[in-house]
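So you can see what is in the structure, the chains are spelled out below.
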Amino acid sequence: MSETARIDKWLWSARIYKTRSIAVDAIKNGRVTMDGVTVKPSRMVKAGEVVHVKKPPVTYSFRILKPIEQRVGAKLIPEIYENVTDPSQYELLEMSRISGFVDRARGTGRPTKKERRALDSFVEPVMFGFDFDDDDDDDS
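Now for a description of the structure that goes with this document. (Residues numbered from 1 in each chain as written. Predicted model: local features only at pLDDT ≥ 70, side-chain atom pairs only at ≥ 80, totals over all residues. Heavy atoms only, no water.)

## Brief notes about the sheet that holds strand β5 (residues 50-55)
Link 1 in the chain: The five strands are arranged β3-β2-β5-β6-β7 in an open sheet whose pairing can be described as antiparallel. Of all strands in the sheet, those bounded by a partner on one side alone are β3 (37-38) and β7 (81-83).
Link 2 in the chain: The sheet contact formed by β5 and strand β6 (residues 58-64) spans six bridges and is antiparallel. What sits directly across from His 52, in β6, is Ser 61. (Pairing = 2+ DSSP bridges. Helix = DSSP H or I, 4+ residues; strand = E, 2+ residues; numbered from the N terminus.)

Laid out in structure tokens, this is it:
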């Protein structure tokens, strides 16, 4: 096993991102940092380094235990990295959840697909139920 790994491959293999291309996009958009500096997808990482990943509204921090490039099962994740995220970040996540941004109250905001279909089926028969050609029959 190698002593280093590319950060994009590590983020994917450690199951922080679902695909490697999503990991590369996150890195290029500056959402992944190490020591306060944004990194490139080809940046090599080694054991002991800390990676900060921004997934709004939270910035997660992971200490690398094994620099791997092959994806592993979810049960092996504790051997790959240690979650060292500041507890205040989880409080921030809880606050955003409570504020209603994540889970909106029923009946507020835009309608869901189901609600939209119900609205359409309610409105369409009334609006388009009339046959406008009926007036022409009176002239004959």
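There's plenty left to go through after this.
## Regarding the nonpolar core
Link 1 in the chain: Ranked by internal contacts, the top residues of the largest apolar core, which has 25 residues, are Ile 7, Trp 10, Leu 11, Ile 16, Val 32 and Val 51.
Link 2 in the chain: Going through the elements one at a time, α1 (7-13), α2 (20-28), β2 (32-34), β5, β6 and α3 (77-80) are the ones with two or more residues in this core.
Link 3 in the chain: Among the elements that line this core, the one with the most residues is β6, at four residues.
Link 4 in the chain: Contacts of Ile 16, omitting those with residues within four sequence positions, involve Trp 10, Leu 11, Val 53, Lys 55, Phe 62 and Tyr 81. (Core = buried A, V, L, I, M, F, W, Y, C linked by side-chain atoms within 4.5 Å. Buried < 20%, exposed > 50% of the residue type's maximum accessible area, 1.4 Å probe, protein only. Contact = heavy atoms within 4.5 Å.)

Any functional reading would require information beyond the geometric quantities listed.
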